[in-house]
Amino acid sequence: GLDRGRIDLDYVFVGVGPDREDVYGYGLLLMQDANVSASKIMQRIFELLDLSERNPLTMSDGLAVFSTRGGRITFQQGQVSNRLAAILVEPGGWTDILDKTVDLYVVAVPLKTVQSVLQQIPVVKVFVGFKDKLYRVRVEGHYADSSDNLVRKEVLTDIKEGLAQG
């Protein structure tokens, strides 16, 4: 959970009925100056980014735009950032709070990588320099799964090829 910071949630119920699939809506969640270190998913993502600093998850800001149907939350947009990294949730990823399952991708980059790449000139080199610095992370499984099984790093071949050609 969240043990500090602020969370604002706006949610609109569009449909309500007797079955759980009849309950649906959409929402926006904003998070400011939050410590999300209790999340094993976030801990594992930062571990995969090789961020060895002792509590990289403190003072994070975040945003989520989502829709719901039954227990399933589907993300249209999501991001978490702090002084060490930026993490973007790919649209269409979801979590089911009733079945306690998740299936989504995130793209993450350590900010120290961004700073070193931005020092390269000309500008074309900036994009080529990122091709080996971005990480695509798959989050899939049951909430009870170990973080090693739930969160896995994948290769960004499609993005790397597009950047290398540009």
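Enquirer: Which parts of the structure should I look at to understand the pairing of strand β4 (residues 72–81)?
Expert: Consecutive side chains of a regular strand alternate in pointing toward one face of the sheet and then the other. Of the strand pairs in this sheet, strand β3 (residues 60–69) and β4 are connected by nine bridges, and their pairing is antiparallel. Looking at the pairing, S67 lines up with T74 of β4. Hairpin geometry of β3 and β4 is characterised by an intervening segment of two residues between the two adjacent antiparallel strands and by a positive phi of about 60 degrees at G70. The sheet contact formed by β4 and strand β6 (residues 94–96) spans three bridges and is antiparallel. When the bridges of β6 are listed, I73 appears paired with T95. As paired strands, β4 and strand β5 (residues 85–89) are joined by four bridges and run antiparallel to one another. Its bridge partner lying in β5, V80 is registered against I87. What sits between β4 and β5 in their antiparallel hairpin is a turn of three residues.

Thresholds applied
- The numbering scheme is per chain: residues are counted from 1 as the chain's sequence reads.
- Totals for whole chains, interfaces and linings use every residue, but because this is a predicted model, local features are given only for residues with pLDDT of at least 70 and side-chain atom pairs only at 80 or more, for both listing and counting.
- Here the side-chain values reflect all heavy atoms present in the structure, with hydrogen atoms and water set aside.
- Two strands qualify as a pair provided that DSSP identifies no fewer than 2 bridges between them.
- Helix and strand assignments come from DSSP, with helices taken as H or I runs of at least 4 residues and strands as E runs of at least 2, each series counted from the N terminus.

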